[in-house]
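Residue strings, one per chain:
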Amino acid sequence: LLDVVSVGEPLVQMNPIEEGPLRHVPLFEKHAAGSESNVVIGLSRLGFKTAYVSKVGKDELSKFLITTLRGEGVDVSHVEEVRDRNCGVFFVQRGYPVPGKSDVIYFRKDSAASTLGPDDIDPNLIKQSKMVHVSGITPALSQSCKDAVSKFLDVATRSRIPISFDTNYRSKLWSEDDARRVLSKMAAKADILFTDPSDARLLLLQENVEAMTPEKLLDELAGRGPKTVVLKLGPDEGLFAVSGGRKARTVSPSVPVVDSIGAGDAVVVGFLSGLLRNEPLEKCLDLAACCSALVVMRRGDFENLPDQEYFEKWLRAKKSDFRVDYR
Ligand code: KDG
């Protein structure tokens, strides 16, 4: 039995060792990334059995992605290595022009993963799992990817496997109108929805979400179907969630931000880890805040995600408001 199966595109991330416009940055670090890949890696580190459905090439960078996933304990038996296509790559521009923010530049068109289609979705894999996770990135990659995600969700729904869905709207991949149509349908099928106020605007077909209180926004989103909604309000306002009518909120500790990319996936990892262990909502949010704070403190998306021991150390430190003496 598996805990979580996901489908998506793993990507090679080229992360500059200094901040500023990329044209003036001479040195980059290579990382494995990709939203859903980050999620399965993070959950695997915390002791959950995860599997990933994807396609990569036979190129060296694809081999790097597959060995990273495998090395982190993710079942990659459904990651197909195809000829004549490469894996996708993206570059990060850190801290410029907005301090503390990162931007991405993709080189992923016609990648191996963009050829994923319904035939690559094995219903038996999904049926063996306690939960599935998808993000709004995969359906933006191609029509066949959209169809693959649709089949993935249909199998999960029919088999009564809970669906976790992170909206992850990426404006560089598709228009707001196209995204709105697809993401709102996905949200209606989801049991656990992760989103932020900006993506919520697409889901609710409303422009005035900024005028709504987070409480109202949560209620509106939960009214679309998901039992649990986690609203990512950013580093200052933290996380706010509702589950079966009960609400909870957590404030993220303030940490030095080196690279904000991956913070959202880290929220998913922490929250789902709590949910899968039947922890109360408050604890799920604490775990989510812990993961995202750790991830933004270094370059790369998943490397700082904790294992169970680090997780517990964090929770103990939080009890004393992080005034911990490690001597
Ligand atoms: O959430 C982090 C991801 O955005 C990053 O790894 C790249 O998957 C990615 C994407 O498609 O933007």
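From a predicted model like this one, the values you see are computed outputs, not experimental measurements.

About the cut-offs
Residues numbered from 1 in each chain as written. Predicted model: local features only at pLDDT ≥ 70, side-chain atom pairs only at ≥ 80, totals over all residues. Heavy atoms only, no water. Helix = DSSP H or I, 4+ residues; strand = E, 2+ residues; numbered from the N terminus. Buried < 20%, exposed > 50% of the residue type's maximum accessible area, 1.4 Å probe, protein only. Contact = heavy atoms within 4.5 Å. Areas by Shrake-Rupley, 256 points an atom, 1.4 Å probe, with all protein chains shown as cover. Near = heavy atom within 4 Å. Polar contact = N/O pair within 3.5 Å; in protein donor to acceptor, adjacent residues only side chain to side chain. Nonpolar A, V, L, I, M, F, W, Y, C, P; charged D, E, K, R; others polar. Pairing = 2+ DSSP bridges. Axes fitted to C-alpha atoms, helices over the stretch in contact; angles between N-to-C directions. Core = buried A, V, L, I, M, F, W, Y, C linked by side-chain atoms within 4.5 Å. Expected span 1.5 Å × (residues − 1). Arc of directions from axis to C-beta. Left-handed = near helix turned anticlockwise from the far one by under 90°.

Colleague: Lay out the overall build of the protein chain with the relevant residues and their values.
Modeller: Regarding its fold elements, the protein chain presents 10 helices and 13 strands. Its C-alpha atoms give the protein chain principal-axis dimensions of about 55 × 50 × 40 Å. Across the 327 residues in the protein chain, those meeting the buried criterion constitute 54%. Restricting to contacts in the protein chain with at least 6 residues of sequence separation, those with at least 24 account for 70%. Surface summary for the protein chain: the accessible area is close to 14500 Å², and the carbon and sulfur share equals 50%.

Colleague: How would you sum up the site of the ligand? Please name residues and give values.
Modeller: Close to the ligand lie 14 residues; Tyr106, Arg108, Arg170, Asp265 and Asp301 are nearest. Arg108 places a polar side-chain atom, nitrogen or oxygen, 2.7 Å from an oxygen atom of the ligand. Here an oxygen atom of the ligand and a side-chain polar atom of Asp265 are 2.7 Å apart. Alone, the ligand offers 320 Å² of accessible surface; in the complex the protein occludes 96% of this. Of the residues that constitute the shell around the ligand, the class distribution is 6 nonpolar, 4 polar and 4 charged.

Colleague: Now, about the sheet that holds strand 1 (residues 2-7): what can you tell me, with residues and values included?
Modeller: Spatial strand order, 5-4-1-8-9-10-11-12-13: 9 strands in an open sheet with mixed pairing. Each having just a single partner strand, strand 5 (75-81) and strand 13 (246-250) make up the two edges of the open sheet. Strand-to-strand twist of the sheet, defined as the mean angle between neighbouring strand axes without regard to direction, takes the value 15 degrees. Of the strand pairs in this sheet, strand 9 (residues 163-166) and strand 10 (residues 192-195) are connected by 3 bridges, and their pairing is parallel. Bridging across to strand 10, Phe165 finds its partner in Leu193.

Colleague: Account for the nonpolar core, with residues named and values stated.
Modeller: In terms of nonpolar packing, the biggest core is built from 49 residues, with Phe194, Val230 and Phe271 touching the most fellow members. Of all the elements, helix 9 (residues 281-295) adds the most residues to this core, at 11 residues. Once you skip the residues sitting within four places of it in the chain, Phe271 turns out to touch Ile192, Phe194, Thr228, Val230, Ala241, Leu281, Cys284, Leu285 and Ala288. Counting residues in each nonpolar core, the second largest holds 47 residues, with Ala148, Val182, Ala200 and Phe240 among its members.

Colleague: Residues and numbers for helix 2 (residues 60-71), please.
Modeller: An ideal rise of 1.5 Å per residue puts 16 Å on 12 residues; helix 2 measures up with 16 Å between its terminal C-alpha atoms. Those residues of helix 2 not exposed but buried are Ser62, Leu65, Ile66, Thr68 and Leu69. Looking straight down helix 2, one finds that the buried residues subtend no more than 160 degrees of arc, so they occupy a single side. Projecting away from the buried face of helix 2 at angles above 90 degrees are the exposed residues Glu60 and Gly71. Against strand 2 (11-16), strand 3 (28-33), helix 1 (35-45), strand 4 (50-56) and strand 5 lie the buried residues of helix 2. The N-capping residue of helix 2, defined by a side-chain oxygen 3.2 Å from the backbone nitrogen of Leu61, is Asp59. Once helix 2 ends, the next one or two residues include Gly73, with phi positive near 90 degrees.

Colleague: Would you mind going over the packing of helix 8 (residues 263-276) against helix 9 in detail, with residue names and values included?
Modeller: Taken N-terminus to C-terminus, the directions of helix 8 and helix 9 make an angle of 150 degrees; their axes are 7 Å apart at the nearest point. For the pair helix 8 and helix 9, the sense of crossing is right-handed. Between helix 8, through Ala263, Ala266, Val267, Val269, Gly270, Phe271, Ser273, Gly274 and Leu275, and helix 9, the contact on the second element is made entirely by Leu281, Cys284, Leu285, Leu287, Ala288, Cys291, Ser292 and Val295. Residue composition of the contact of helix 8 with helix 9, by class: 13 nonpolar, 4 polar and no charged.

Colleague: Can you tell me about helix 5 (residues 176-189), naming the residues and giving the values?
Modeller: Taking 1.5 Å per residue, 14 residues should reach 20 Å; helix 5 reaches 20 Å between its end C-alpha atoms and fits that length. When helix 5 is considered as a whole, its buried residues turn out to be Ala179, Arg180, Val182, Leu183, Met186 and Ala187. Buried residues in helix 5 make contact with strand 8 (129-135), helix 4 (143-158), strand 9, strand 10 and helix 6 (197-203).

Colleague: Any details on the side chain of Asp286? Residues and values, ideally.
Modeller: As for its placement among the helices and strands, Asp286 is situated in helix 9. A distance of 3.4 Å separates a polar atom in the side chain of Asp286 from a polar atom in the side chain of Thr250. Within the structure, the side chain of Asp286 is placed 3.2 Å from the side chain of Lys318, a separation counted as a polar contact. Those residues within four positions of Asp286 in sequence are excluded, and the remaining contacts are Thr250, Trp314, Leu315 and Lys318.

Colleague: Explain the environment of Val98 to me, and be specific about the residues and the numbers.
Modeller: Looking at where Val98 falls in the secondary structure, it is placed in the loop between strand 6 (88-94) and strand 7 (102-107). Sequence spacing of Val98 and Gly20 is 78 residues, and the spatial spacing of their C-alpha atoms is 9.7 Å.

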